[in-house]
Every structure is written in C-alpha cells, then in structure tokens.
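Remarks on the overall topology
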Amino acid sequence: MRFNNTTSLDSHRLERMFSRHAEPWSHGRLTVSVRYSRGADFSGTCFYGRHLAYVNLGRHIEYPYPIRTHIARARSNRRYWWKEIYTVDAADGYQLALFVFLHEYYHWLIKRAKRNTRQKESMCDRFATRVLVDDYGALVRDDQGRPVARQDWDFQDLDGFVAAALPRQKPRPAARTVIQPVPAGQLLFRFLRGSH
C-alpha cells in the first residue's frame, strides 16, 4: 500500500492501522491519501481504475465522535422501506480515519472480487464497524443511545462476499524423489558386504 498523510495525525501509526486491518487481502496496488476535508465532518472516495482511496477528515471534529451508519436491518411496510440510523463512536481521529479507510477499502475489494458495486454502502459500513467493535471496543447504539445487539447489524458474510479478491497462492511444486545413480562396482561391493 502506498500511503500519504497531510493531517496532524501520526503517519506511521495510521499506516500500521490501515495495513493491519487490510489483511489478508492484497493491497499493494492501492494508494491511500489522508487529508483534511473542506468542511464536511468526514468523507471518503474510492477510484477503482486508479487504485486510489481518499480519506477526508474535518479539522473541527470533537471526540468521541458518533459516526452515523447504515448498518441496521431494513424494515418495510406495504408502502415503503426504511433503515434506522445506528451510531458507532470513534474515540479519536485515528479511529475515524480507520473507519473511513475500511469503508472505502471494502468498496475496492468488492470491485476486485468482480461483484456489482452498486448499493453497497451498508456492507461497507458493516465492514468498518466490525473492526471498531472487535478491535477497539466501540459500541453500536440506536437513535435513543441504547446499545444494539450484534445480530441486529452484523448479519452478512462480508469476508465471503469478497473472497474472490484474496490473492491466489501459487501452487507449490510437488516434492520430487531424486535417485542418485550408483556405479555398478559400488553396488556389487555393497551387495557382497551386506551378505556376510
């Protein structure tokens, strides 16, 4: 992964976080640029053909920052469908940058897995939320601030969906038995010696 950071966040720490959570997928061709936004709290963009992802963070954000996500199950009645907004807190700028990166990275994985890239925002949010919850202890909350059960937002096989993006391992060559030729005189000597 080629990495660039123009924010005040520590570049080495950010790059290590991004690389760690991008495993086991190959990300060598991807360029990630972290920069300040022009006014929005945060945003991200992924350019598939250029293998480029931008992570944009607002300078004005106060932490912990409640990230509004689209990870809830869809609900419907006879006339329309909707999704409740669940939030996950980013404790600091590193976690917010990681969330945005993982969201965009999952978009990139979907494309590399040759899946349809349309309408995948919820999956990308789930991929990012899963890391904040599992590795950083973040809580998912509903619009009333109540904790949300894991099964209410983490219900898709996200890894399986992009499994085709995993790097293919080269098959190992089969072990070969090497037969060393033995000169005829030595073979006769070994035979006679073994018969005594």
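Rules and cut-offs
- Residues numbered from 1 in each chain as written.
- Predicted model: local features only at pLDDT ≥ 70, side-chain atom pairs only at ≥ 80, totals over all residues.
- Heavy atoms only, no water.
- Salt bridge = Lys/Arg side-chain N within 4 Å of Asp/Glu carboxyl O.
- Helix = DSSP H or I, 4+ residues; strand = E, 2+ residues; numbered from the N terminus.
- Buried < 20%, exposed > 50% of the residue type's maximum accessible area, 1.4 Å probe, protein only.
- Pairing = 2+ DSSP bridges.
- Axes fitted to C-alpha atoms, helices over the stretch in contact; angles between N-to-C directions.
- Contact = heavy atoms within 4.5 Å.
- Parallel < 35°, antiparallel > 145°, perpendicular 65-115°, else oblique.
- Nonpolar A, V, L, I, M, F, W, Y, C, P; charged D, E, K, R; others polar.
- Core = buried A, V, L, I, M, F, W, Y, C linked by side-chain atoms within 4.5 Å.
- Lys, Arg positive; Asp, Glu negative; His and termini not counted.
- Expected span 1.5 Å × (residues − 1).

A closer look at the pattern of salt bridges
A full pass over the atoms with the stated rule returns 6 salt bridges. For the salt bridge of Arg20 with Asp135, the shortest nitrogen-to-oxygen distance reads 2.8 Å. Of this pair, Arg20 sits in helix α1 (residues 11-22) while Asp135 sits in helix α3 (residues 121-136); the two residues are 115 residues apart in sequence, bridging distant segments of the chain. Its relative accessible area of 36% is what places Asp135 among the partly exposed residues. In this structure, the salt-bridge partner of Arg130 is Asp159, at a minimum N-O distance of 2.9 Å. In this pair, Arg130 is assigned in helix α3 and Asp159 in helix α4 (residues 158-161), connecting sequence segments 29 residues apart.

Structural notes on the pairing of strand β5 (residues 65-69)
Where burial is concerned, the two faces of β5 differ: the one with Tyr65, Ile67 and Thr69 is buried and the one with Pro66 and Arg68 is not. Looking at chain direction, β5 and strand β8 (residues 86-90) are connected through 5 bridges and run antiparallel. Following the sheet pairing, Ile67 is matched in β8 by Val88.

Notes on the sheet that holds strand β2 (residues 31-36)
Taken in spatial order, the 4 strands of this open sheet run β1-β2-β4-β3, and their pairing is mixed. A single partner strand is all that each edge strand has here, and the edge strands are β1 (2-5) and β3 (42-47). Adjacent strand axes in the sheet meet at a mean angle of 10 degrees, parallel and antiparallel pairs treated alike. As judged from the 6 bridges shared by β2 and strand β4 (residues 52-57), these two strands associate in the parallel manner. Counterpart to Val34 in the pairing with β4 is Val55. Those strands touched by α1 are β1 and β2, and its axis lies near 140 degrees from that of β1. Across the face of the sheet, helix α2 (residues 93-112) comes into contact with β2, β3 and β4 while running at roughly 30 degrees to β3.

Some remarks on the packing of α1 against α3
Following both chains from N to C, one finds α1 and α3 inclined at 105 degrees, their axes separated by 12 Å at the closest point. Of the possible angle classes, the one that applies to α1 and α3 is roughly perpendicular. Each of Met17, Arg20 and His21 in α1 lies in contact with α3, whose residues at this interface are Val131, Asp135 and Tyr136. Each residue belonging to the contact of α1 with α3 can be placed in one class, and the counts come to 3 nonpolar, 1 polar and 2 charged.

Focus on the pairing of β3
Bridge count between β3 and β4: 6 bridges; the pairing is antiparallel. Opposite Gly44, over in β4, you have Val55 as the bridge partner. As consecutive antiparallel partners, β3 and β4 are separated by 4 residues, and within that stretch His51 has a phi angle of approximately 55 degrees, a positive value.

With respect to the nonpolar core
Core analysis: the largest hydrophobic core is formed by 52 residues, its most contacted members being Phe18, Val32, Phe101, Tyr105, Tyr106 and Leu109. Within the residue set of this core, elements represented by two or more residues are α1, β2, β4, β5, β8, α2, α3 and α4. Among the elements that take part in this core, α2 stands out by supplying 13 residues, more than any other.

A closer look at the sheet that holds β5
Taken together, 3 strands build an open sheet; the order of strands is β5-β8-β9 and the sheet is antiparallel. For this open sheet the edge positions go to β5 and β9 (140-141), each flanked by a neighbour on one side alone.

What to know about the side chain of Lys120
Within the secondary structure layout, Lys120 lies in the loop between α2 and α3. Of the buried charged residues, Lys120 lacks a salt bridge, with Glu121 as the closest side chain of opposite charge at 9.7 Å.

Structural notes on α3
Here α3 spans 22 Å end to end across 16 residues, near enough to the 22 Å set by a 1.5 Å rise per residue. Counting buried residues along α3, 12 of its 16 residues qualify, which places the element largely inside the surrounding structure. Listed in full, the buried residues belonging to α3 are Ser122, Met123, Cys124, Asp125, Arg126, Phe127, Ala128, Thr129, Arg130, Val131, Leu132 and Val133. Positive backbone phi, at 70 degrees, marks Gly137, one or two positions downstream of α3.

These values are about where atoms sit, not about what they do.
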